[in-house]
Amino acid sequence: MPTWNSRGLRGSALEEYINLTNEKYKENKLALIQKIPTPITPIKMDKDNRQITLAYFEQKSTVDYIGAVQGIPVCFDAKECQTDTFPLQNVHEHQVQFMKEFDEQGGVAFLLIFYSHRDEFYYMRLEELLEFWERSLSGGRKSIRYEELDERFFFHMHGGLIVPYLDPMQLDLELRPTL
């Protein structure tokens with residue numbers, strides 16, 4: 001069973017940025033997106049600070065965020081990368097499976113990757129993730145190089161939004177085949 005310790009806080013700044021953006025989207029009635037908490041069982045507590053110092057994950061989580069954008073079901077996971085190479089081991093098989101099933105039900109599933117050393121965000125469409133995923137499963141590269149990414153899906157802070165992911169999501173929707 002996986003355990004949690006201070007390493008689990010690596011993405012907390014990114015989560016906070018996304019949460020602030022989601023609040024703005026909610027205020028402007030553009031989207032209603034919620035952070036999905038990962039259930040944990042505390043094992044050790046720091047009695048002085050009343051903080052959990054060691055815990056077990058109760059179950060595998062699906063994705064970090066789920067909700068709706070203008071009536072469209074949306075789910076996504078947020079990842080931080082400190083180099084130009086994003087390891088696919090940062091995405092778990094059960095997450096990919098959940099996103100595939102979510103997409104099959106008519107939803108939009110994607111990854112948000114924050115390249116912290118570049119101060120850039122990347123919206124990775126599920127279709128793109130699956131291509132890299134399949135490549136790794138068939139014995140190919142088990143990471144994604146920055147140069148391999150579609151430049152149209154990089155985005156930056158603007159308009160008071162720290163992580164304005166609705167812009168690349170709109171492009172994602174435009175590129176999808178019509179039914």
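Small disclaimer: the values here were computed from a predicted structure and weren't measured. All residue numbers refer to position in the chain's written sequence, counted from 1. Under the rules for a predicted model, residues below a pLDDT of 70 receive no local features and side-chain atom pairs below 80 are neither given nor counted, while totals for whole chains, interfaces and linings still include all residues. In computing side-chain values, all of the structure's heavy atoms are included and hydrogens and water are not.

Caption draft 1: Representation of the overall build of the protein chain within the structure. Looking only at helices and strands, the protein chain features four helices and eleven strands. Of all 179 residues assigned to the protein chain, the portion counted as buried reaches 36%. What makes two residues a contact is simply this: any of their non-hydrogen atoms within 4.5 Å. Within the protein chain, residue pairs in contact and separated by at least 24 positions form 64% of the contacts whose partners lie at least 6 positions apart. When the accessible area of the protein chain is evaluated, it comes to approximately 10,800 Å², of which 50% is carbon and sulfur surface. Here a helix means four or more residues in a row that DSSP labels H or I, a strand means two or more in a row labelled E, and each is numbered from the N terminus. Partly exposed residues are those whose accessible area sits between 20% and 50% of the maximum for their type, while under 20% is buried and over 50% is exposed, using a 1.4 Å probe and protein chains only. In short, Shrake-Rupley with a 1.4 Å probe defines the accessible areas, and a residue's cover is counted only from the protein chains shown.

Caption draft 2: Representation of the environment of Tyr-25. By secondary structure assignment, the location of Tyr-25 is in helix H1 (residues 12-27). Residue Tyr-25 is classed as buried on the basis of its relative accessible area of 3%. Distance in space between the C-alpha atoms of Tyr-25 and Leu-166 is 9.1 Å, their sequence separation being 141 residues.

Caption draft 3: Here's a closer look at the sheet that holds strand S11 (residues 154-155). Following DSSP output, two strands are said to pair if at least two bridges run between them. Spatially, S2-S5-S6-S8-S9-S11 is the arrangement adopted by the six strands of the open sheet, whose pairing is mixed. Of all strands in the sheet, those with a lone pairing partner are strand S2 (31-35) and S11, marking the two edges. Looking at chain direction, strand S9 (residues 120-125) and S11 are connected through two bridges and run antiparallel. Across the sheet, residue Phe-121 finds its bridge partner in S11, namely Phe-155. The axes used here are C-alpha line fits, helices contributing only the stretch in contact, and every angle between their N-to-C directions lies in the interval 0 to 180 degrees. Lying over the sheet, helix H3 (residues 126-137) contacts strand S8 (108-115) and S9, oriented at roughly 80° with respect to S9.

Caption draft 4: Highlighting helix H4 (residues 166-175). All of the buried residues in H4 are Leu-166, Pro-168, Met-169 and Asp-172. Buried positions in H4, seen along its axis, are confined to an arc of 160° and lie on one side of it. By arc we mean the arc of the directions from the helix axis to the C-beta atoms, nothing more.

Caption draft 5: Focus on the packing of helix H2 (residues 93-104) against H3. Axis separation between H2 and H3 bottoms out at 11 Å; the angle between their running directions is 140°. The angle between H2 and H3 places the two elements in the oblique class. Regarding H2 and H3, the two cross each other, and that crossing is left-handed. Judged by residue contacts, Glu-93, Val-96, Met-99, Lys-100 and Asp-103 of H2 engage Leu-126, Leu-129, Leu-130 and Trp-133 from H3. Of the residues assigned to the contact of H2 with H3, the class counts are six nonpolar, no polar and three charged. Between 65 and 115 degrees an angle is taken as roughly perpendicular, under 35 as roughly parallel, over 145 as roughly antiparallel, and anywhere else as oblique. By convention the crossing between two helices is left-handed if the near helix lies anticlockwise of the far one by an angle smaller than a right angle, and right-handed if it lies clockwise. Note on residue categories: nonpolar means Ala, Val, Leu, Ile, Met, Phe, Trp, Tyr, Cys or Pro, charged means Asp, Glu, Lys or Arg, and polar means any other residue, Gly included.

Caption draft 6: Structural detail: the nonpolar core. Note on terminology: a nonpolar core comprises buried Ala, Val, Leu, Ile, Met, Phe, Trp, Tyr and Cys residues joined through side-chain atoms within 4.5 Å. Counting residues in each nonpolar core, the largest one holds 46 residues, and the members touching the most others are Phe-76, Phe-110, Leu-112, Tyr-115, Met-124 and Tyr-165. Take this core: its biggest share by element is eight residues, from S8. If near-sequence neighbours (up to four positions away) are discounted, Leu-112 is found in contact with Ile-18, Phe-76, Asp-77, Ala-78, Lys-79, Tyr-122, Tyr-123, Phe-155, Val-163 and Tyr-165.

Caption draft 7: Highlighting the pattern of salt bridges. Criterion for a salt bridge: a side-chain nitrogen of Lys or Arg within 4 Å of a carboxyl oxygen of Asp or Glu. For the structure shown, the criterion picks out ten salt bridges. In this structure, Arg-176 and Asp-103 form a salt bridge, with 3.2 Å as the shortest nitrogen-oxygen distance. On the criterion of sequence distance, the pair formed by Arg-176 in the segment after H4 and Asp-103 in helix H2 is long-range, its members being 73 residues apart. Under the relative-accessibility criterion, Arg-176 is labelled partly exposed at 26%. The network of salt bridges with shared partners includes Glu-15, Lys-35 and Asp-64.

Caption draft 8: Summary view of the side chain of Lys-79. Mapped onto the secondary structure, Lys-79 falls in strand S6 (residues 72-81). Residue classification places Lys-79 among the buried positions, given a relative accessible area of 11%. Polar contacts, as counted here, are pairs of nitrogen or oxygen atoms within 3.5 Å of one another; within protein the pair requires one atom able to donate a hydrogen and one able to accept it, and residues that are adjacent in sequence qualify only if both atoms are side-chain atoms. For Lys-79, the side chain forms a polar contact with the main-chain oxygen of Asn-90, separated by 2.7 Å. When sequence neighbours within four positions are dropped, the list of residues in contact with Lys-79 reads Leu-14, Phe-86, Asn-90, Val-91, Gln-95, Leu-111, Leu-112, Ile-113 and Phe-114.

Caption draft 9: Up close: H3. Taking 1.5 Å per residue, twelve residues should reach 16 Å; H3 reaches 16 Å between its end C-alpha atoms and fits that length. Taken residue by residue, H3 has Leu-126, Glu-128, Leu-129, Phe-132, Trp-133 and Ser-136 as its buried positions. An end-on view of H3 places all buried positions within 160° of arc, on one side of the element. Projecting away from the buried face of H3 at angles above 90 degrees are the exposed residues Glu-127 and Glu-131. Buried residues along H3 sit in contact with H2, S8, S9 and strand S10 (143-145). Where H3 terminates, the next one or two residues include Gly-139, which has phi positive at roughly 95°. What a helix is expected to span follows from its residue count: subtract one and scale by 1.5 Å.

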